[in-house]
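Secondary and tertiary structure notes
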Protein chains: 2
Amino acid sequence: MCQLLALSCAEPTDVTFSFTGFAARGGLTDHHVDGWGIAFYEERACRLFIDDKPACRSPMAEFVKRYPIKSRNVIAHIRKATQGGASAENCHPFMREHNGQQWVFAHNGDLRERNWWVSGPYAPVGTTDSETAFCTIMNVIHKRGVDRDTTPDELFDVIEDITRNLNQYGIFNFLLSNGQSQFAYCSTRLAYVMRRWPFSSARLVDADMSVDFSAYATSEDYTAVIATTPLTDEAWTTCQPGDLLMFRAGSLVRRAHVPVPPQVLATARYAPSETSGTPVVSMG
Amino acid sequence: MCQLLALSCAEPTDVTFSFTGFAARGGLTDHHVDGWGIAFYEERACRLFIDDKPACRSPMAEFVKRYPIKSRNVIAHIRKATQGGASAENCHPFMREHNGQQWVFAHNGDLRERNWWVSGPYAPVGTTDSETAFCTIMNVIHKRGVDRDTTPDELFDVIEDITRNLNQYGIFNFLLSNGQSQFAYCSTRLAYVMRRWPFSSARLVDADMSVDFSAYATSEDYTAVIATTPLTDEAWTTCQPGDLLMFRAGSLVRRAHVPVPPQVLATARYAPSETSGTPVVSMG
């Protein structure tokens, strides 16, 4: 399947360090070679870079690593195709505008059947189950009348309902953001780390690179990094299957448990892990 | 105001040459310094690069010039802000998905008032008249039930109706594409060139660069380049105010005359030209 990465930050933050380790998994330290993508929110705008080349040898990924765009909300993805070929329209993250906000989604998993599809103004451009699931989420958000007056807690309730429905159909680890809230659901595997003052240093697991955050960050900096598996030697929290989390400005502000059906966990239990060769569930 | 560039091609074509000349107008040979953007269709996908830095010194523009993404449909824009500040959410082109197709729009002009706004599922993220006009176009396309079965001619009729309404409110040179058809409207200023076998060479007006197309192109290559003012020393056709054109696969397949109201032309007549200091209408 795929790997996910997100950042939620109180202050605009350079994602270069995390993205360097993450991109190495796109063919160098791991086998996710069917494309990659990254979305950076910059105030109300969202810049999306996608490429169907492996992240470890994509000129665009090199450009992103060298060009420090600062952002409070980032979602990135590297792809190992399960449904849909290796082409640009099938690269995550996917982006749609709703009510004057850009929404971004990335998925690690495999949803079977398509009878969960909800129609509306959003439709997939490519052929993945992931983009179809995202458009279903957006169509439900549209039908439920989510607008700029919807509170984060009301939005969380909507996302929780959608998750409870979609996760019946297969592995559904996902990241979703509207540029303010960052939602993360652990169907089988997800972890996060919170960076706070006083900062320490961190070393990437996938590349020979360290950063001493205390040299750059201030007491105003709150950063949450969410990834399929830990990117650094810091103290990451491993999510439990069923964890639905909402981060805002670098803080974990709400969580709920949306149980993963036993038949989905059973599928995952016997799937080989992509990063370590150990069973998937041992990681999540 | 701004400058527009589009390509419609029968075969995937490298836009590097045209974009190099065009990007020079973003602060080097001209004063369009409030950002730039380019959208490349790649089969069903569309990659969008935007930047609020002047194109002539944007690292992202340098990357695009050096990295030859091949595309059959391209829309690019460099911005001199009239409405909306110089920020990423106000950079053209703008992109929205409808019915599983990405639609892209860029505008050169200035639409007064907002009583032309048509509501629906699409809403602007930024503060420009241009993105608001694009969302109005998309909401009309949605209301009129445009879908994958709509023929190019039926779509042309819809675009012609929308143009006839919006161009009452100000200068409305625009480019619009769904990845298959390329629509171009000349409210005051637009030109195009058709490249066909046997090819000759062309020299950029804005940079010291020439290309001998006969060395690269085949008899299968049909390319139409559309721009606010000619980019090269080739034989460009100057559009007349009111020309609405539809290009497909490098050929001009339909045109209509949508008259520009005299009061709009009068505004343009006394506006200084951005490229030569001569009146705008002398160019278009």
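On a predicted model such as this, the values are computed, not experimentally measured, just so you know.

1. Digging into the pairing of strand E12 (residues 223-227) of chain A
Residue and element names in this part refer to chain A. Most of E12 is tucked away: five of the five residues are buried. As paired strands, strand E1 (residues 3-14) and E12 are joined by five bridges and run antiparallel to one another. Its bridge partner being in E12, serine 8 is matched across the sheet by alanine 224. Where strand E9 (residues 191-195) lies against E12, five bridges are found, and the strand directions are antiparallel. Looking at E12, one finds that alanine 191 is bridged to alanine 227.

2. Concerning the packing of aromatic side chains
By the definition in use, this model includes 22 aromatic pairs over all chains. Here phenylalanine 17 of chain B and phenylalanine 213 of chain B contribute two aromatic rings whose centre-to-centre distance is 5.8 Å and whose plane-to-plane angle is 85 degrees, an arrangement assigned as edge-to-face. With phenylalanine 17 of chain B in helix H1 (residues 16-24) and phenylalanine 213 of chain B in the loop between strand E11 (210-212) and strand E12 (223-227), this residue pair connects regions lying 196 residues apart in the sequence. Between phenylalanine 105 of chain B and phenylalanine 172 of chain B, the aromatic rings sit 6.5 Å apart at their centres with planes inclined by 40 degrees, giving tilted as the arrangement. You can see phenylalanine 105 of chain B sitting in strand E6 (residues 101-111) and its partner phenylalanine 172 of chain B sitting in strand E7 (residues 170-177), a full 67 residues away along the chain. We note that phenylalanine 105 of chain B, like phenylalanine 172 of chain B, is buried. Taken together, the aromatic side chains of Phe105, Phe134, Phe172, Phe174 and Tyr185 of chain A make up a single cluster linked through ring pairs.

3. Focus on helix H2 (residues 59-66) of chain A
Structurally, the α-helix is built with 3.6 residues per turn, so residues lying three or four positions apart point the same way. Here H2 of chain A has its buried residues at Met60, Ala61, Phe63, Val64 and Lys65 of chain A. Where the residues of H2 of chain A are buried, they touch helix H1 (16-24), strand E2 (36-42) and strand E3 (45-51) of chain A together with strand E3 (45-51) and helix H2 (59-66) of chain B.

4. A closer look at the UniProt feature "domain: Glutamine amidotransferase type-2" (unreviewed entry) in chain A
In this structure's numbering, the residues bearing the UniProt feature "domain: Glutamine amidotransferase type-2" (unreviewed entry) are residues 2-250 of chain A. As a span, residues 2-250 of chain A carries 19% helix and 35% strand, and end to end its C-alpha atoms are 24 Å apart.

5. Observations regarding unusual backbone geometry
A cis amide bond links histidine 92 of chain B to the next residue, proline 93 of chain B, at an omega of -10 degrees. Within the secondary structure, proline 93 of chain B is located in the loop between strand E4 (70-78) and strand E5 (94-98). For the bond running from tryptophan 197 of chain B to proline 198 of chain B, omega is -5 degrees, close enough to zero to count as cis. Along the chain, the position of proline 198 of chain B falls in the loop between strand E9 (191-195) and strand E10 (201-203). Not every positive phi belongs to a glycine, and glutamate 43 of chain A is a case in point at roughly 55 degrees.

6. Observations concerning the interface of chain B and chain A
With 30 residues of chain B in contact, the opposing surface of chain A contributes 30 residues. Summed over both sides, the interface of chain B with chain A buries roughly 2500 Å², with 58% coming from carbon and sulfur. The largest contributions to the chain B side of the interface with chain A come from Arg47, Glu97 and Val125 of chain B, which together make up 23% of the buried area. For the pair chain B and chain A, the number of links is six salt bridges. When the shortest N-O distance is used, the salt bridge between aspartate 52 of chain A and arginine 47 of chain B registers 3.9 Å. Among the elements of the structure, E3, H2, E5 and E6 of chain B are those that each provide at least two residues to the side of chain B that touches chain A. In terms of residue count, E3 of chain B provides more of the side of chain B that touches chain A than any other element does, six residues in total. Class assignment for the residues of the side of chain B that touches chain A results in 15 nonpolar, five polar and 10 charged.

7. Observations regarding H1 of chain B
With nine of its nine residues buried, H1 of chain B lies for the most part within the structure. Within H1 of chain B the residues assigned to the buried category are Thr16, Phe17, Ser18, Phe19, Thr20, Gly21, Phe22, Ala23 and Ala24 of chain B.

8. Section: the sheet that holds strand E13 (residues 237-238) of chain B
Residues and elements named next belong to chain B. Spatially, seven strands are ordered E3-E2-E4-E1-E12-E9-E13 in an open sheet, and the strand pairing comes out antiparallel. Of all the strands in the sheet, the pair left with one neighbour each is E3 and E13. Sheet topology places strand E2 (residues 36-42) next to E3; seven bridges connect them, and they run antiparallel. Each residue of the ladder has a partner; that of phenylalanine 40, found in E3, is arginine 47.

What counts and how
- Residues numbered from 1 in each chain as written.
- Chains lettered and ligands numbered in written order.
- Predicted model: local features only at pLDDT ≥ 70, side-chain atom pairs only at ≥ 80, totals over all residues.
- Heavy atoms only, no water.
- Buried < 20%, exposed > 50% of the residue type's maximum accessible area, 1.4 Å probe, protein only.
- Helix = DSSP H or I, 4+ residues; strand = E, 2+ residues; numbered from the N terminus.
- Pairing = 2+ DSSP bridges.
- Phe/Tyr/Trp six-rings, centres within 6.5 Å; stacked < 30°, edge-to-face > 60°.
- Contact = heavy atoms within 4.5 Å.
- UniProt positions renumbered as here; feature names shortened; annotations may be inferred.
- Buried area = accessible area lost by both parts, 1.4 Å probe.
- Salt bridge = Lys/Arg side-chain N within 4 Å of Asp/Glu carboxyl O.
- Nonpolar A, V, L, I, M, F, W, Y, C, P; charged D, E, K, R; others polar.

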